[in-house]
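Remarks on the overall topology
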Number of protein chains: 12
Amino acid sequence: MMHILVLHGPNLNLLGGREPEWYGRHSLDEINQKLLAFGGQAGITIETFQSNAEGALVDAIQGAIGKTDAIVINPAAYTHTSVAIRDALLAVGIPTVEVHLSNIHGRESFRKRSLIADIVIGQIAGFGTQSYLLGIQGAIDYLQTQTIKEDKTV
Amino acid sequence: MMHILVLHGPNLNLLGGREPEWYGRHSLDEINQKLLAFGGQAGITIETFQSNAEGALVDAIQGAIGKTDAIVINPAAYTHTSVAIRDALLAVGIPTVEVHLSNIHGRESFRKRSLIADIVIGQIAGFGTQSYLLGIQGAIDYLQTQTIKEDKTV
Amino acid sequence: MMHILVLHGPNLNLLGGREPEWYGRHSLDEINQKLLAFGGQAGITIETFQSNAEGALVDAIQGAIGKTDAIVINPAAYTHTSVAIRDALLAVGIPTVEVHLSNIHGRESFRKRSLIADIVIGQIAGFGTQSYLLGIQGAIDYLQTQTIKEDKTV
Amino acid sequence: MMHILVLHGPNLNLLGGREPEWYGRHSLDEINQKLLAFGGQAGITIETFQSNAEGALVDAIQGAIGKTDAIVINPAAYTHTSVAIRDALLAVGIPTVEVHLSNIHGRESFRKRSLIADIVIGQIAGFGTQSYLLGIQGAIDYLQTQTIKEDKTV
Amino acid sequence: MMHILVLHGPNLNLLGGREPEWYGRHSLDEINQKLLAFGGQAGITIETFQSNAEGALVDAIQGAIGKTDAIVINPAAYTHTSVAIRDALLAVGIPTVEVHLSNIHGRESFRKRSLIADIVIGQIAGFGTQSYLLGIQGAIDYLQTQTIKEDKTV
Amino acid sequence: MMHILVLHGPNLNLLGGREPEWYGRHSLDEINQKLLAFGGQAGITIETFQSNAEGALVDAIQGAIGKTDAIVINPAAYTHTSVAIRDALLAVGIPTVEVHLSNIHGRESFRKRSLIADIVIGQIAGFGTQSYLLGIQGAIDYLQTQTIKEDKTV
Amino acid sequence: MMHILVLHGPNLNLLGGREPEWYGRHSLDEINQKLLAFGGQAGITIETFQSNAEGALVDAIQGAIGKTDAIVINPAAYTHTSVAIRDALLAVGIPTVEVHLSNIHGRESFRKRSLIADIVIGQIAGFGTQSYLLGIQGAIDYLQTQTIKEDKTV
Amino acid sequence: MMHILVLHGPNLNLLGGREPEWYGRHSLDEINQKLLAFGGQAGITIETFQSNAEGALVDAIQGAIGKTDAIVINPAAYTHTSVAIRDALLAVGIPTVEVHLSNIHGRESFRKRSLIADIVIGQIAGFGTQSYLLGIQGAIDYLQTQTIKEDKTV
Amino acid sequence: MMHILVLHGPNLNLLGGREPEWYGRHSLDEINQKLLAFGGQAGITIETFQSNAEGALVDAIQGAIGKTDAIVINPAAYTHTSVAIRDALLAVGIPTVEVHLSNIHGRESFRKRSLIADIVIGQIAGFGTQSYLLGIQGAIDYLQTQTIKEDKTV
Amino acid sequence: MMHILVLHGPNLNLLGGREPEWYGRHSLDEINQKLLAFGGQAGITIETFQSNAEGALVDAIQGAIGKTDAIVINPAAYTHTSVAIRDALLAVGIPTVEVHLSNIHGRESFRKRSLIADIVIGQIAGFGTQSYLLGIQGAIDYLQTQTIKEDKTV
Amino acid sequence: MMHILVLHGPNLNLLGGREPEWYGRHSLDEINQKLLAFGGQAGITIETFQSNAEGALVDAIQGAIGKTDAIVINPAAYTHTSVAIRDALLAVGIPTVEVHLSNIHGRESFRKRSLIADIVIGQIAGFGTQSYLLGIQGAIDYLQTQTIKEDKTV
Amino acid sequence: MMHILVLHGPNLNLLGGREPEWYGRHSLDEINQKLLAFGGQAGITIETFQSNAEGALVDAIQGAIGKTDAIVINPAAYTHTSVAIRDALLAVGIPTVEVHLSNIHGRESFRKRSLIADIVIGQIAGFGTQSYLLGIQGAIDYLQTQTIKEDKTV
């Protein structure tokens, strides 16, 4: 049975708490329930983890060795500053999808640089919590057809 | 009934033709059939168009006014050089999803700059032909829940 | 009798169509009528052409050889990306005025670079459709007094 | 009755003095007479001021509060170096047109940066002393139709 | 009663320990006592926290929701590298003052970039431990007169 | 008795005049009265000077030799363009505090560069007219404890 | 029998028309005759095509699949702006030589960047119409000795 | 007796675990044993510490005050992103050698910038686990002959 | 009889006043006497002028028309910020030598850019007050042998 | 009789020695024989020279004055670093063709800058040893038809 | 028996001559004796060479073909300017270690760029003459265990 | 008796040879005679040396130790590319004046960077062969009054 680890970076634990117009009406717990339900329908198991600490996210990636088929990660602020997370993903060699709730290409210029974008399967940004579901779907498709890579271009 | 226009940029008409390891085993026609089938299952109509000419793609975007609920576009080479396509998308004001077969963030550095990324709903890159399906799904989700934008952050 | 060619770049055919607060209340046809009337009052003939295609604009510039005394061009998006239009203007050697409806200096930073600004008589930007009339007036003044160039500085 | 202040920056007092091939055959006084005559024909009053001192130009802009409907300014060298003039224009909030005798886009690269271009109505460059007349005309048009802004784009 | 959280970033726990000519004669404890005394005189409560870990500082900022009227933060090294602290401050929406013991503008060039300077009320740098007291005073003033923002310019 | 010179740069004479939401409700005269009152309470004398001219501000700094214990300066626009003011401050060698009404780090990018920030005691920005009071307080503290510099770090 | 396609980019159709000192005394037709004659002597067939449209040049490159042994291309203005032509050359995989009439390294700085130079066999610039003949000769040599690549260095 | 602290940055705990062709055949424990043995032969004591957390590495550096004669550090990913580790090394003032297993100068361009290289005794990169032994040797030499610095140049 | 105008920029009036180790033991008056004496010996007349105001220096340059054979200018701080002084020198067309007391190439990086260096006869920097004498000598040599320019290269 | 000097830069003496897949199967002597034979057939004399020393290449260029009609130079590494060779070519004024064995546009980015490309007739790169023959042919064509320059454009 | 060539770049012949505090107390001869002694103890032969000429160093590297197992090079000034030395090292293919007496990362910014760092085994900088011994040791270790490369990472 | 070494860089041996309008009417020998005569009048000895080789110039600088009071150097092309000459001047510690025949600030942009300007007494550029005489005079003044440095500023 396929197993996917979903990692949430710093400040994502605030989702749904305050400022619903910005952080949405759903708490991170509710979103995680939605992801688990989606996994159940797709016949895969999903595990989630959130941390505000760069080192803890590195630990979580390392801990996935031998247990996880794919990682779906929203590194949030660490997208732009963490070489350590990049190195952890390179070291464990687990196929990874990068997701973002907002369209990072339309915000402050320093958010345009992702330190992991060039080493992941692909990147999905701008679809709100839906980004996670599209990312999990993309990871499943990738795993089911390793050969899909041959179809890829432009 | 929801209507989505899928636009393919220059050289995508070569898909499946030669060099299958790079351009895939499926021709653009086969891919378009797959998209139409996906649309049928989702209960929406899908229209596709490909051109090697920047001006023809601008014409196609302009022609979508009043007929199309969302655009899913893979501008290929024009992603990095066309302000005209950006201006056309800004002018028609139709919600748009940007997709790429390959992970543009892991190729030549000039491919990292997208001239439309900051004005679209979101961007999906790296999942081969699956990028189109994820993009259509993302567009449908967006249209069904205009309010989803409020859930978006980080 | 003096003859001036007015060229409109990509997406300017949408003027007056939708979004009047942005694209104005007047269609491109109405604007062209206004320009022709202005020409009539000034005792010159005016010809207008619009295209979304870079190559068609190059063709139009080439076609002006031997027929046109001055060109007034609003290259729109191609202002920032077309070396081909620059080369066409250099090749035909017809005095040219560059006009823009909006103040391009106050928009996205990539709009600050004009690939033709350094080879035209002058540039007029920010006066809405009035920019065209000021540009035609500037071209007429230039043609009437070739010697005006000597008055130019700072 | 509409009132427009025309400001001339440093070294423009040399116009027509020496080097006619560069500074023209007309002195600044003659040019100012031409502007006043143009104003008379247009039914508006025009006031002119020249200074080599940045602070004096700032004083003149501040002094226009409550007396002037629009400013037409050729900041000359201060175009590229004066944040103080920019701040003065921002503070008084009087609609302003920026003019240049020469085509600043075709000279030394440091002349391409204007510190006021993004906060004025529009910019006119390259038409010699005619630039002033086109600038006054543009200011009159702007004041007469505040709504013209809605017609502006690209 | 007004409540202010004072956050000390990495290595500030070494203050007063060694190298008095550089880190001062006062330990962080002594400084915190001084801040608490200042708060007592001003009739407000002050809470202090120091950590070498980026994640712990993010946690502390998140923990201030609903309990704190203003934050005074010296992010030390994280000033220049932490998008996570920026995002935490943006998320909690608590008015914040940025302080630095030394004049960061006169040190290594990478210290000139602050990742939070553009989202805080204001920045105070260069006054040694006095920077904290000036920062607390600035925060109190800000809270007492929300309208003070209207007085702000240049 | 301690003597502090407060210098106001260009356009600050407009404070409180027009546009109260931007320039505040208080005129520069009222602000200066506030500063003098603050000085009286602190047992020091305060002198103020405003000019729109770079040269006049240089003159004022030079004139402070032998008469002034510290300078508190808001160079406004000249913050970003005047090497002459920097050289004057370096030449007279009087301890100086740089203040700004607004948070210059959150405005146009050219406002992020201060040509004096690296040679002053410290910088205070973003607290409206309160910035002046905090700056005077910082200067007094500095003068009273020359040794405070040893407490400075990070 | 070896077949070579010679592609001429925008504005090259003006050769020999006007301004002989710049565009030469020979029309494009005359040049093409010269190339065909050279081909005849070398025992190969040569086909030529010119267009001002980027898309038409992409079409021509795509159309060469299966019919052409080598391409000799003078992309003119598109040298510096067309990723689409680069992608077309990459897609068809036909050995290509890049030629320029003038020495592009000695003109405006934006002409120094060629978007195809790193993916062609080689580049020849500065020899006028002779550049085409040298380019065809270089292509023939390349095709005759695939092993020549091993001789290549520095 | 001389005491040296060897610090291993993030992901170095994976050494020898998986992917031997990349991370080597030896685990971090085996490497640490090798270092301890080397220390024994050289008559010095060696202590090792690894962490994935930036804050924990800062803590470890601070903890070395008064106990350690020299630090040999491989900051791994934090080499390029941590000002906090730089500040900790500056604060404790213990002579430090920077080592890297791989040649960081021949990898991604962002790995060329080391935030500590300019404040350490020296840097050794590219010799695999041997880099640690050379680094320890270099630290011993440095400590034995403080005067060696005088021999240093170019 | 040859006439040379020596211009001193901002803050040079402080020479010899305070801080002799930096500003020298000689006042500007004493230096000017030295220059006049040198002129007397060389059989030329010398006139000197100092101002802290950019506009006053522009006025002085303009005032030299018809009266002065050469200008020797030390623009001090305005070297790096004044386009107005550059434009004045270009307008009057009087041969000019640029001098600096200190070696501007060995100070802050913004002092390396001179806005007049490319339009003067030559530049002399680093010889203290002797720079003025060498500059006057250079101007005399230049005037005496207009043909010397032909000897100039590399 | 026409005389051409062929200059080989540093490390080209290793051609054909070792690593045939990179440096080719032919030694520099064999290549030089090929060039001499080509010269013989074309009825011109050819002289060759190789050196690893920048100064010796400058000497060789200077020595060509009065003896050589054209220079064909492969400056190898000095292409990117030698202003002295550029200055020598400018000083002797002999028409020069720049050749490179490999396509320098497709290698390390520092190899894209040629310090002589803008002052030579033209540049030929990427055709292996054939680049020399094409370069000699280009030089002969240039000498035979000085007027060919008029045919040059784009 | 292993043979290592140690190359010293320009100005290293001055070591120990003058300015002992900067160039050390030992002459280059004494240092070379130390290296030879070290080689004797390690059972390898060591050869040394110094030159101030770039070409002579290229010659020396070329001369090492077939005679030398490894090169230890301190290119001194040529580290930052010589592509010819880089090309020579690439051409001969002999494993090379780069050493520097001083910590080049803590000096002028142009010394941070090494033109050979990315093509050598590794780099050692900052240990004075000890850098040579560590470099030789590193080269020996590398040669003894070609497989050590597999242990290399991060 | 004071002794000054005058060094001429590459291509200066061509002076007076050809192209008198560019390289002058005087040969290097004639210029050297002029310098020796000037030395004789000033009561000092002058020695001259020219080389096209960077290494030979480094040798000459090294050879000046113990024999020369000052160096006057025109490094010509090596001004912009030689770190080795910079290091030699730093190593010998002999006061040096940098001279240039032409105004290097008004030529190609790469000529604006001098690699020795920040370490010499001063720089003189633009006075033709007169630059050498002014440079020798400047060196004499410097040596005669070591204290002159105290007079230096701005």
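Below is a short write-up of the structure. Since this is a predicted model, take the numbers as computed values, not measurements.

Calculation criteria
- Residues numbered from 1 in each chain as written.
- Chains lettered and ligands numbered in written order.
- Predicted model: local features only at pLDDT ≥ 70, side-chain atom pairs only at ≥ 80, totals over all residues.
- Heavy atoms only, no water.
- Contact = heavy atoms within 4.5 Å.
- Buried area = accessible area lost by both parts, 1.4 Å probe.
- Salt bridge = Lys/Arg side-chain N within 4 Å of Asp/Glu carboxyl O.
- Polar contact = N/O pair within 3.5 Å; in protein donor to acceptor, adjacent residues only side chain to side chain.
- Helix = DSSP H or I, 4+ residues; strand = E, 2+ residues; numbered from the N terminus.
- Nonpolar A, V, L, I, M, F, W, Y, C, P; charged D, E, K, R; others polar.
- Least-squares fit on C-alpha atoms with pLDDT ≥ 70 in both.
- Buried < 20%, exposed > 50% of the residue type's maximum accessible area, 1.4 Å probe, protein only.

Some remarks on the interface of chain B and chain C
Often the size quoted for an interface is simply the accessible area lost on bringing the parts together. The partner chain C presents 17 residues to the 17 residues of chain B that form the contact. For the pairing of chain B and chain C, the buried interface totals around 1300 Å² over both sides, and the portion due to carbon and sulfur atoms is 52%. Across the contact surface, chain B and chain C share two salt bridges. Ionic pairing is found between Glu108(C) and Arg86(B), a salt bridge with its closest N-O pair at 3.0 Å. Where chain B touches chain C, the interface holds seven residue pairs in polar contact (both at pLDDT 80 or more). Listed by contribution, the elements that provide at least two residues to the side of chain B that touches chain C are helix H3 (54-63) and helix H4 (83-92) of chain B. Split into classes, the residues belonging to the side of chain B that touches chain C amount to nine nonpolar, four polar and four charged.

A closer look at the relation of the copies chain B and chain C
With an RMSD of 0.0 Å, chain B superimposes on chain C once it is rotated by 120 degrees and translated 0.0 Å along the axis. Viewed as a symmetry operation, the transformation between the two copies matches a three-fold axis. Considering only C-alpha atoms, the part of chain B nearest the rotation axis is Thr81(B), at 4.1 Å. When the interface residues of chain B are mapped onto chain C, a mere 12% of them again fall at the interface, so the copies present different faces.

Remarks on the environment of Arg25(I)
Topologically, Arg25(I) is positioned in the loop between helix H1 (20-23) and helix H2 (28-42). Residues Arg25(I) and Thr48(I) lie 23 residues apart in sequence; the distance between their C-alpha atoms is 19 Å.

Looking at the pattern of salt bridges
With the rule as written, the count across this model stands at 49 salt bridges over all chains. For Arg111(G), the salt bridge goes to Asp87(C), with nearest N and O atoms at 2.7 Å. Note that Arg111(G) is positioned in the loop between strand S4 (96-100) and strand S5 (122-125) and Asp87(C) in helix H4 (residues 83-92), a pairing that runs across two chains. The class for Arg111(G) is buried, based on a relative accessible area of 2%. Classification of Asp87(C) as buried rests on a relative accessible area of 7%. The residue Arg86(K) makes a salt bridge to Asp118(K) at a minimum N-O spacing of 2.8 Å. With a gap of 32 residues between them, Arg86(K) in helix H4 (residues 83-92) and Asp118(K) in the loop between strand S4 (96-100) and strand S5 (122-125) connect regions that are remote in the sequence. Assessed through its relative accessible area of 3%, Arg86(K) is described here as buried. Taken together, the shared-partner salt bridges in this structure form one network comprising Arg107(A), Glu108(A), Arg111(A), Arg86(E), Asp87(E) and Asp118(E).

A few points about the side chain of Glu54(G)
Of note, Glu54(G) is situated in helix H3 (residues 54-63). For Glu54(G), the residues in contact, after removing those within four places along its chain, are Glu54(B), Tyr78(B), Glu54(C), Tyr78(G), Ser82(G), Val83(G) and Ala84(G).

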